Amino acid sequence: MSELPKLKAYLFDLDGTVYLGEAIIPGVPEGIARLKARGAKVMYITNKPLSEPEEYAEKLTRLGIPATPEEIITSSMVLAQYMAQETPGAKVLCVGEAVMRAQLAAVGMEFVERWEEAEVLALSWDRHFDYERLNASLQALLRGVKFFATNPDVLCPVDEGEVVPDCGALIAAIAACSGRMPDYIAGKPGPMLPLGALERLGVAPEDAAMVGDRLETDIACGNLAGMTTIAVLTGVATEETIAEAEGEEKPDWVLGSVAELG
């Protein structure tokens, strides 16, 4: 196959794929506009659980890509949907920030502050994580509660190449003392984030592409979901790491940028 297939839908990672911090990647708005002009559906998916879809849509629009909240899906949204199906109305010890709590509350979860009362430990990126939260999580898990998390990222890149601890670092701390890993992780590289987006679009995985800059998350989740995968070189992935990639981390296609799409 000498050129990219024209697919019905494209899912985009955000940071490193569409923008870098507060700067749009050159040519990306035009590339996405071309896809939409020929009738392709577009959604943006992210592991980052700290913002509401409205905030992401506002940022994209401000950077030159008109977007609506309905075009955004996050790991905390997928976790809320999963818990609504698997543990409806559960008593939840929530280690996470306001957005996570709001999304769980919206699907009927009941929050408890005492670990003795918990039925589920729901973990997300929490910038106020401390010893008290660590101990509460440990005690709840020792009692055998279910353990769910939003995303496995250990680090999150921030402006100017710096990184900060993400949800995966908290998973590691809790696992170190409890001996338990989450029973379910909503975000990439698992396939539930792209599959949730495609369900919303009404498009089958074989008719869609996952576009991202991280092989171990973006490309892996797309391959696991049965999608065409496209790696871009505007973020983490390089030609060298792509050449060495194997299995679920190997993309079907490599582009310099989203600007080359459409």
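Residues numbered from 1 in each chain as written. Predicted model: local features only at pLDDT ≥ 70, side-chain atom pairs only at ≥ 80, totals over all residues. Heavy atoms only, no water.

**A look at the sheet that holds strand β5 (residues 72-74)**
Link 1 in the chain: In spatial order, the strands read β5-β4-β1-β13-β14-β15; together these six strands make up an open sheet with parallel pairing. Of all strands in the sheet, those with a lone pairing partner are β5 and β15 (253-255), marking the two edges. For this sheet, the mean angle separating the axes of adjacent strands, direction not counted, is 25 degrees.
Link 2 in the chain: Bridge count between strand β4 (residues 41-46) and β5: three bridges; the pairing is parallel. Bridge assignment links Ile45 to a residue of β5, and that residue is Ile73.
Link 3 in the chain: Sheet strands in contact with helix α7 (residues 192-201) are β1 (9-12), β4, β5 and β13 (208-212), and its direction is about 150 degrees off that of β4. (Pairing = 2+ DSSP bridges. Helix = DSSP H or I, 4+ residues; strand = E, 2+ residues; numbered from the N terminus. Axes fitted to C-alpha atoms, helices over the stretch in contact; angles between N-to-C directions. Contact = heavy atoms within 4.5 Å.)

**Topic: the nonpolar core**
Link 1 in the chain: In terms of nonpolar packing, the biggest core is built from 31 residues, with Leu11, Ile73, Leu79, Met83, Val92, Leu104 and Met227 touching the most fellow members.
Link 2 in the chain: Mapped by element, the contributors of at least two residues to this core are β1, β4, α3 (75-86), β6 (91-95), α4 (98-106), β8 (120-123), α7 and β13.
Link 3 in the chain: Sorting elements by how many residues they give to this core places α3 first, with five residues.
Link 4 in the chain: Contacts of Leu79, omitting those with residues within four sequence positions, involve Met100, Phe148, Ala149, Thr150, Tyr184 and Ala186.
Link 5 in the chain: Counting residues in hydrophobic clusters, the runner-up holds 28 residues, among them Ile25, Ile32, Ile65 and Ile230. (Core = buried A, V, L, I, M, F, W, Y, C linked by side-chain atoms within 4.5 Å. Buried < 20%, exposed > 50% of the residue type's maximum accessible area, 1.4 Å probe, protein only.)

**Section: the packing of helix α5 (residues 131-142) against helix α6 (residues 167-178)**
For any two helices packed against each other, the geometry is given by the interaxial angle and the distance between the axes.
Link 1 in the chain: Their axes nearest at 10 Å, the elements α5 and α6 cross at an angle of 50 degrees. In this view, α5 runs oblique relative to α6, as classed from their interaxial angle. Relative to α6, the crossing made by α5 is right-handed. Across from Leu134, Ser137, Leu138 and Leu141 in α5, the residues of α6 making contact are Ala173, Ile174, Cys177 and Ser178.
Link 2 in the chain: Grouping the constituent residues of the contact of α5 with α6 by class yields six nonpolar, two polar and no charged. (Parallel < 35°, antiparallel > 145°, perpendicular 65-115°, else oblique. Left-handed = near helix turned anticlockwise from the far one by under 90°. Nonpolar A, V, L, I, M, F, W, Y, C, P; charged D, E, K, R; others polar.)

**Considerations on the pattern of salt bridges**
Link 1 in the chain: A complete count under the given rule lists 15 salt bridges for this structure.
Link 2 in the chain: Measuring nitrogen to oxygen at the nearest pair gives 3.2 Å for the salt bridge that ties Arg62 to Glu58. You can see Arg62 and its partner Glu58 sitting in helix α2 (residues 53-62), four residues apart, about one turn around the helix.
Link 3 in the chain: For Arg62, a relative accessible area of 47% gives the class partly exposed.
Link 4 in the chain: Judged by relative accessible area, which is 43%, Glu58 ranks as partly exposed.
Link 5 in the chain: With its nearest N and O atoms 2.7 Å apart, the salt bridge here joins Arg127 to Glu97. With a gap of 30 residues between them, Arg127 in the loop between β8 and α5 and Glu97 in the loop between β6 and α4 connect regions that are remote in the sequence.
Link 6 in the chain: Assessed through its relative accessible area of 56%, Arg127 is described here as exposed.
Link 7 in the chain: Connected through shared salt-bridge partners, Glu22, Glu58, Lys59 and Arg62 make up one network. (Salt bridge = Lys/Arg side-chain N within 4 Å of Asp/Glu carboxyl O.)

**Let's talk about helix α8 (residues 215-224)**
In an α-helix there are 3.6 residues to a turn, and that puts residues three or four apart on one side.
Link 1 in the chain: The element α8 is largely enclosed, with a buried count of seven among its ten residues.
Link 2 in the chain: Among all positions in α8, only Leu215, Thr217, Asp218, Ile219, Ala220, Cys221 and Gly222 are buried.
Link 3 in the chain: Close packing links the buried residues of α8 with α7, β13, β14 (228-232) and α9 (239-244).

**Here's the deal with the packing of aromatic side chains**
Link 1 in the chain: For the coordinates displayed, the defined rule picks out four aromatic pairs.
Link 2 in the chain: Measuring from ring centre to ring centre gives 5.4 Å for Tyr82 and Phe148, while their planes differ by 90 degrees; the resulting arrangement is edge-to-face. Of the two residues, Tyr82 is situated in helix α3 and Phe148 in strand β9 (residues 146-149); the sequence distance between them amounts to 66 residues.
Link 3 in the chain: On the basis of relative accessible area, Tyr82 is assigned to the partly exposed category, the value being 21%.
Link 4 in the chain: A residue is classified by how much of its surface remains accessible, and Phe148, at 3% relative accessible area, is buried.
Link 5 in the chain: Joined through ring pairs, the aromatic side chains of Tyr82, Phe148 and Tyr184 make up one cluster.
Link 6 in the chain: Above the face of the Tyr19 ring, Lys59 is positioned so that its terminal group lies 3.9 Å from the ring centre.
Link 7 in the chain: Against the face of Phe111 rests Arg101, its NZ or CZ located 4.3 Å from the ring centre. (Phe/Tyr/Trp six-rings, centres within 6.5 Å; stacked < 30°, edge-to-face > 60°. Lys NZ or Arg CZ within 6 Å of the ring centre and 35° of its normal.)

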